[in-house]
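Tertiary structure, described
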Number of protein chains: 2
Amino acid sequence: MVRWEPGARERLQVAALDLFATRGFEQTTAAEIAQAVGLTERTFFRYFADKREVLFAGQNVFQSVFTDGAIAAPSDASAMETVEFALREASSFFPNERRPYSRLRQTVIEANAGLQERELLKMAWLGAGIAGALRDRGIPEPSATLAAEAGVTVFGVAFRQWIADGEERSLAEIESEVFQHLRILTVPTA
Amino acid sequence: MVRWEPGARERLQVAALDLFATRGFEQTTAAEIAQAVGLTERTFFRYFADKREVLFAGQNVFQSVFTDGAIAAPSDASAMETVEFALREASSFFPNERRPYSRLRQTVIEANAGLQERELLKMAWLGAGIAGALRDRGIPEPSATLAAEAGVTVFGVAFRQWIADGEERSLAEIESEVFQHLRILTVPTA
């Protein structure tokens, strides 16, 4: 019999991040995470394949806010405009209230090579997902991949700024500025 | 006593790729790779930390052809021009004679999730390395990272085209075309 634990998933995620940040990722076990919120190890594994996946549990939702955004962009939007639209839509996934969590998560990831590789994989999937959405809109290759990966780069640069100490602007504001930087950089020279 | 085996490193690399491609990466051991070229497993481990690293042994040289290129670019080159110069210089690392090896290596990597993660890490390091070279030229952030990662994206797209069936153009030619695509994509719209 599988009992339903209301909010168990989220409580496990918060407890895991806290333990990873204070004790270290390697030093924390799934049993300890479960115990911290009064659950069993067995319950932990009903929600997550392993302790690493706790940090990547929102990946499907994360990815779909971008691809849904790309699908919802105005039909006359260019490839880059579609990507900008997708990033703006997806920025609702990162409201300012989430900034402390995102900042702590980043600290944990940067302290562990395996987590860094996993994060790279997530970003590579994001690029592939956005490129697929662009192709579905009739944008040919290599434009679809170039625009999608440019979007992932902009997101990455803007996200790191968003979680920087003292930063108060919204992710959408920073992304808009970074897109402008990219446009200036790639202006053809005479 | 450590005996010097002339060309052992290269022979091991060629034998490893051949075994990975025919038998599969997981199914091949370091001992078998060594045996294929008449060497011992012990000799194998004098050259490579493990069988995965055989596929990434050239990474330091790979990275430095790009960063050396960025350093050697004309002093008045813009950030993107510096990146284009770096990619053009680095394309000498991939002469057409190397195409069959690169093609086979890609096939092996695409068949294994762990190798794909390792390849992503290599490309992330490449981006960070080029960004560092750009900052050393006085290019500020976020321009340095944006230009460097745009360069890595162009390289990736061009490289996949370079190893595509039937492709005969040089990597430099394809890169130049992909840069042109990127410029058109990012042109500010009215």
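Read on for an overview of the structure.

A word on the overall build of chain A. Each helix and strand in chain A was counted, giving 10 helices and 0 strands. Secondary structure elements of chain A occur, N-terminal to C-terminal, as α-α-α-α-α-α-α-α-α-α. For chain A, the spread of C-alpha atoms along the three principal axes comes to 65 × 40 × 25 Å. Relative to its 190 residues, chain A shows a buried fraction of 52%. For chain A, the proportion of contacts with a sequence separation of at least 24, taken over those separated by at least 6, is 65%. Counting every atom, chain A has about 9300 Å² of accessible surface; 53% of that belongs to carbon and sulfur. Side chains of chain A carry 20 positive and 26 negative charges; the gap between the two charge centres is 6 Å.

This next bit is on the packing of aromatic side chains. Applying the stated rule across the entire model yields 29 aromatic pairs over all chains. Each ring, one from F44 of chain B and one from F45 of chain B, has its centre 5.1 Å from the other, and the planes form 85°; the classification is edge-to-face. Overall, the relative accessible area of 0% leaves F44 of chain B in the buried class. What makes F45 of chain B partly exposed here is its relative accessible area of 39%. Among the aromatic residues, ring-to-ring pairing joins F62, F66, F93, F94, F155, F159 and W162 of chain A into one connected group.

All right, on to the relation of the copies chain A and chain B then. Mapping chain A onto chain B is achieved by rotating through 180° and translating by 0.0 Å along the same axis, at an RMSD of 0.0 Å. What the rotation and shift describe, once combined, is the action of a two-fold rotation axis. Most of the interface of chain A is mirrored in chain B, where 100% of its interface residues are also at the interface.

Moving on to the interface of chain A and chain B. Counting from both sides, the interface comprises 27 residues of chain A and, opposite them, 27 residues of chain B. When chain A packs against chain B, the two sides together hide about 2600 Å² of surface, and 72% of this comes from carbon and sulfur. Sorting the residues of chain A by area buried against chain B places E117, L146 and L185 of chain A first, and these three jointly supply 25% of that buried surface. Counting across the chain A and chain B interface gives 0 salt bridges. Taken together, chain A and chain B are joined by 3 residue pairs in polar contact (both at pLDDT 80 or more). Looking at which element gives the most residues to the side of chain A that touches chain B, the answer is helix α9 (residues 143-162) of chain A, with 9 residues. Its residues placed into classes, the side of chain A that touches chain B shows 14 nonpolar, 6 polar and 7 charged.

All names here are of chain B. Between the first and last C-alpha of helix α1 (residues 8-23) there are 22 Å, a value that for 16 residues agrees with the 22 Å anticipated at 1.5 Å per step. What α1 keeps buried is the set A8, L12, Q13, A15, A16, L17, L19 and F20. G24 occupies a position one or two residues after α1 and carries a positive phi of about 105°.

Calculation rules
- Residues numbered from 1 in each chain as written.
- Chains lettered and ligands numbered in written order.
- Predicted model: local features only at pLDDT ≥ 70, side-chain atom pairs only at ≥ 80, totals over all residues.
- Heavy atoms only, no water.
- Helix = DSSP H or I, 4+ residues; strand = E, 2+ residues; numbered from the N terminus.
- Buried < 20%, exposed > 50% of the residue type's maximum accessible area, 1.4 Å probe, protein only.
- Contact = heavy atoms within 4.5 Å.
- Areas by Shrake-Rupley, 256 points an atom, 1.4 Å probe, with all protein chains shown as cover.
- Lys, Arg positive; Asp, Glu negative; His and termini not counted.
- Charge placed at Lys NZ, Arg CZ, Asp CG, Glu CD.
- Phe/Tyr/Trp six-rings, centres within 6.5 Å; stacked < 30°, edge-to-face > 60°.
- Least-squares fit on C-alpha atoms with pLDDT ≥ 70 in both.
- Buried area = accessible area lost by both parts, 1.4 Å probe.
- Salt bridge = Lys/Arg side-chain N within 4 Å of Asp/Glu carboxyl O.
- Polar contact = N/O pair within 3.5 Å; in protein donor to acceptor, adjacent residues only side chain to side chain.
- Nonpolar A, V, L, I, M, F, W, Y, C, P; charged D, E, K, R; others polar.
- Expected span 1.5 Å × (residues − 1).

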